[in-house]
Amino acid sequence: MRVTDLPQADRPRERLLEHGPRALADRELLALVLGEGRPGVDVIELASRLLADHGGLAAVAAADPGALQRSAGIGPARAARLTAVFELARRAARPPRLCRITATEDIAVAAAPLLRGLRHERAVVVVCDASGRILKTATLTDGTADRTPIPVRDVLSLVLALGGTRFAVAHNHPSGRTEPSEADVRVTARLRDAATTVGLRLLDHVIVTETSWARIP
């Protein structure tokens, strides 16, 4: 059954146009993206089952196309469409691209686009010149759900190769917790000491979550 086959009062598109998107439930918004159901299941029910399979809208938004296709009625085309919609939403929510690091918060802002929306930990480096101008923000490593390595030698080699003199490191915590682990504190100290030996300066190491950030002392 297609959205257009539903009664007029129940059609998500008409309700959105009349009352705005905030009037629609998550399943109705998803139904608009999906477009139609499958034999024996209308599109609203298909959207409801997708939400139930993944545990809510946030989990659907974070799922990769392969995971989405494990839900009945979601093939490659629909999985790609859903992934594209949520990626567009993340990009639209990103702040303007920073050009210079002047405070620790700037590091979190610069790194967040590479760290948010992931279900695994990732480490990134922000390379700057002597004035704090950002030369490059790059992914260092991708890890598991609760850890990712930060290779000190590789970080310094990248900074030097790009002609940087200052740098910052950031990684995400998919759990949403901003408290650093003992390993986070140790690698921060190693980065700071190693940077000094080759004439570089570590600006800071921060943890980024979906809604906040924190500096590692």
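Below is a summary of the structure that appears in this document. Predicted, not measured: the structure shown is a model, and the values here were computed from it. (Residues numbered from 1 in each chain as written. Predicted model: local features only at pLDDT ≥ 70, side-chain atom pairs only at ≥ 80, totals over all residues. Heavy atoms only, no water.)

Some words on the overall build of the chain
Tallying secondary structure elements over the chain gives 9 helices and 5 strands in all. With the C-alpha coordinates of the chain rotated into their principal frame, the extents come out at 70 × 30 × 30 Å. Residues classed as buried in the chain amount to 40% of the 217 residues present. For the chain, long-range pairs separated by at least 24 residues make up 58% of all intrachain contacts whose partners lie at least 6 apart in sequence. About 11700 Å² of surface is accessible on the chain, with carbon and sulfur atoms providing 53% of the total. Of the side-chain charges in the chain, 30 are positive and 25 negative, and the distance between the mean point of each set is 5 Å. (Helix = DSSP H or I, 4+ residues; strand = E, 2+ residues; numbered from the N terminus. Buried < 20%, exposed > 50% of the residue type's maximum accessible area, 1.4 Å probe, protein only. Contact = heavy atoms within 4.5 Å. Areas by Shrake-Rupley, 256 points an atom, 1.4 Å probe, with all protein chains shown as cover. Lys, Arg positive; Asp, Glu negative; His and termini not counted. Charge placed at Lys NZ, Arg CZ, Asp CG, Glu CD.)

Describing the packing of helix α2 (residues 26–34) against helix α6 (residues 76–93)
At their nearest, the axes of α2 and α6 sit 10 Å apart, and the two run at 120° to each other. Regarding the angle of α2 to α6, the classification is oblique. The way α2 lies across α6 gives a crossing that is right-handed. In contact with L30, V33 and L34 of α2, α6 contributes R78, R81, L82, V85 and F86. When the residues that make up the contact of α2 with α6 are grouped by side-chain class, the tally is 6 nonpolar, no polar and 2 charged. (Axes fitted to C-alpha atoms, helices over the stretch in contact; angles between N-to-C directions. Parallel < 35°, antiparallel > 145°, perpendicular 65-115°, else oblique. Left-handed = near helix turned anticlockwise from the far one by under 90°. Nonpolar A, V, L, I, M, F, W, Y, C, P; charged D, E, K, R; others polar.)

What about the pairing of strand β1 (residues 122–128)?
Of all 7 residues making up β1, 7 are buried, and the element is well covered by its neighbours. Burial along β1 is two-sided: R122, V124, V126 and C128 facing one way and A123, V125 and V127 facing the other are all buried. Counting the residues in the hairpin turn of β1 and strand β2 (residues 134–142) gives 5 residues, including G132, whose phi is positive at 90°. Of the strand pairs in this sheet, β1 and strand β3 (residues 166–172) are connected by 6 bridges, and their pairing is antiparallel. Pairing of V125 across the sheet is with V169, part of β3. (Pairing = 2+ DSSP bridges.)

Section: the sheet that holds β2
Ordered in space as β2-β1-β3-β4-β5, the 5 strands form an open sheet in which the pairing is mixed. The open sheet terminates on both sides in strands that have one partner only, identified here as β2 and β5 (213–215). Each adjacent strand pair in this sheet contributes to an overall mean axis angle of 25°, direction not counted. Across the sheet, helix α7 (residues 104–115) is in contact with β1, β2, β3, β4 (201–208) and β5; its angle to β4 comes to roughly 55°. Across the face of the sheet, helix α9 (residues 182–197) comes into contact with β3 and β4 while running at roughly 160° to β4.

Describing α2
For α2, every residue scored as buried is listed here: E28, L30, A31 and L34. End-on view of α2: buried residues confined to an arc of 160°, all on one side of the axis. In the core, the buried residues of α2 are packed alongside α1 (12–19), α3 (43–54), α4 (57–62) and α6. With its phi angle positive at about 85°, G35 sits one or two positions after the end of α2. (Arc of directions from axis to C-beta.)

Section: α7
Compared with an ideal rise of 1.5 Å per residue, which puts 12 residues at 16 Å, α7 spans 16 Å between its outermost C-alpha atoms and is within 8% of the ideal. Among all positions of α7, only D106, I107, A108, A110, A111, A112 and L115 are buried. Those residues of α7 that are buried lie in contact with β1, β2, β3, β4 and β5. Count one or two residues on from α7 and you reach G117, which has phi positive near 85°. (Expected span 1.5 Å × (residues − 1).)

Focus: the environment of E18
By the element assignment, E18 lies in helix α1. Residues E18 and A161 lie 143 residues apart in sequence; the distance between their C-alpha atoms is 56 Å.

Here we look at the packing of helix α8 (residues 152–161) against α9
For any two helices packed against each other, one specifies the crossing angle of their axes together with the interaxial distance. Two elements in contact, α8 and α9, have axes separated by 10 Å at closest approach and are oriented at 45°. With respect to α9, the element α8 is oriented oblique. The handedness of the crossing between α8 and α9 is right-handed. In this structure, α8 uses V152, V155 and L156 to contact α9, whose residues at the interface are V187, R190, L191, A194 and A195. Broken down by class, the residue content of the contact of α8 with α9 amounts to 7 nonpolar, no polar and 1 charged.

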